[in-house]
Amino acid sequence: MPLSTLPMGTGMLPFRLLAQTGQNSDQGVSMRCVDCTEPATHRGRCEGHHQVYERRASVRARRVRRAVLVRVFSGAARLRALVGARGGARCARCGSLVLADVDHVQPLALGGEDTDGNVQPLCRSCHQVKTGEDFPGLYDTGAGSSTD
């Protein structure tokens, strides 16, 4: 029975979906390969089918295109490349000359963008302090804490 003709609420799943949600009595629901009934270990495919999938020309081309887009449009990636080429940078907070971490001024998790204007080089200790300020309670950096 085609998927489009299945009555709603019947609890029936097409065979392909049944293969993906095969029951494993020890671990509950386990993913099955989309191309066979083996357990899925790599993005919905078994080891053998994953290797075949990764060798496809279209998949390799997509990976290359994505890598180029990240290099071109990522402010953090461009700053890392610049710091690496120069062998270091001055920390934006303390001014020390070090092989710097790349920090987002407005963190991506808090709505910041990955643009050139939102990244800065920081030394490791300043980066840890700033992360503690951006995400209080996430890391115990000792900055701003009191022992009263």
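Residues numbered from 1 in each chain as written. Predicted model: local features only at pLDDT ≥ 70, side-chain atom pairs only at ≥ 80, totals over all residues. Heavy atoms only, no water.

1. Considering the overall build of the protein chain
- The helix and strand inventory of the protein chain stands at five helices and six strands.
- Along the protein chain, from the amino end to the carboxyl end, the secondary structure elements read α-β-β-α-α-α-β-β-β-β-α.
- By residue count, 26% of the 148 residues in the protein chain fall in the buried class.
- The long-range share in the protein chain, meaning contacts at least 24 apart out of those at least 6 apart in sequence, stands at 31%.
- Carbon and sulfur atoms make up 56% of the accessible area of the protein chain, which totals about 10,600 Å². (Helix = DSSP H or I, 4+ residues; strand = E, 2+ residues; numbered from the N terminus. Buried < 20%, exposed > 50% of the residue type's maximum accessible area, 1.4 Å probe, protein only. Contact = heavy atoms within 4.5 Å. Areas by Shrake-Rupley, 256 points an atom, 1.4 Å probe, with all protein chains shown as cover.)

2. A short note on the nonpolar core
- A76, L79, V83, A89, A100, V102 and V119 form the largest nonpolar core, which has seven residues in total.
- Broken down by element, the residue count for this core peaks at three residues, all from helix 4 (residues 75-86).
- Apart from residues lying up to four places away in sequence, A76 is in contact with V102, H104, D114 and V119. (Core = buried A, V, L, I, M, F, W, Y, C linked by side-chain atoms within 4.5 Å.)

3. Topic: the pattern of salt bridges
- All told, the structure shown has six salt bridges when counted by the stated rule.
- A salt bridge links E133 to R93, with the shortest nitrogen-to-oxygen separation between them at 2.7 Å. Of this pair, E133 sits in helix 5 (residues 124-134) while R93 sits in the loop between strand 3 (89-90) and strand 4 (97-98), placing them 40 residues apart in sequence.
- Relative accessible area serves as the criterion here: at 46%, E133 is assigned to the partly exposed category.
- For R93, a relative accessible area of 42% translates into the label partly exposed. (Salt bridge = Lys/Arg side-chain N within 4 Å of Asp/Glu carboxyl O.)

4. As for helix 5
- By the burial criterion, the buried members of helix 5 are C126, H127, K130, T131 and G132.
- Along its buried surface, helix 5 packs onto strand 5 (101-104) and strand 6 (119-122).

5. Structural notes on the environment of C91
- Looking at where C91 falls in the secondary structure, it is placed in the loop between strand 3 and strand 4.
- For the pair formed by C91 and D101, sequence separation is 10 residues and the distance between their alpha carbons is 8.7 Å.

6. Details of the confidence of the model for the protein chain
- On average, residues of the protein chain score 74 in pLDDT, and 70% of them are at 70 or above.
- Low pLDDT (under 50) marks residues 1-28, which in the prediction has 24 contacts with non-local residues, meaning those over four places away or in another chain.
- Contacts from residues 143-148, a stretch scored under 50 in pLDDT, to residues over four places away or in other chains number one contact. (pLDDT = per-residue confidence, 0-100.)

7. Some thoughts on the environment of E47
- Position of E47 relative to the elements: it lies in helix 2 (residues 47-55).
- Distance from E47 to C33, taken between C-alpha atoms, is 9.0 Å for residues 14 residues apart in sequence.
- The residues touching E47, leaving out its near neighbours within four places in the chain, are T41 and H42.
- Polar contacts involving the side chain of E47 include one to the side chain of H42, which spans 2.5 Å.
- Only 2.7 Å separates the side chain of E47 from the side chain of Q51, close enough to count as a polar contact. (Polar contact = N/O pair within 3.5 Å; in protein donor to acceptor, adjacent residues only side chain to side chain.)

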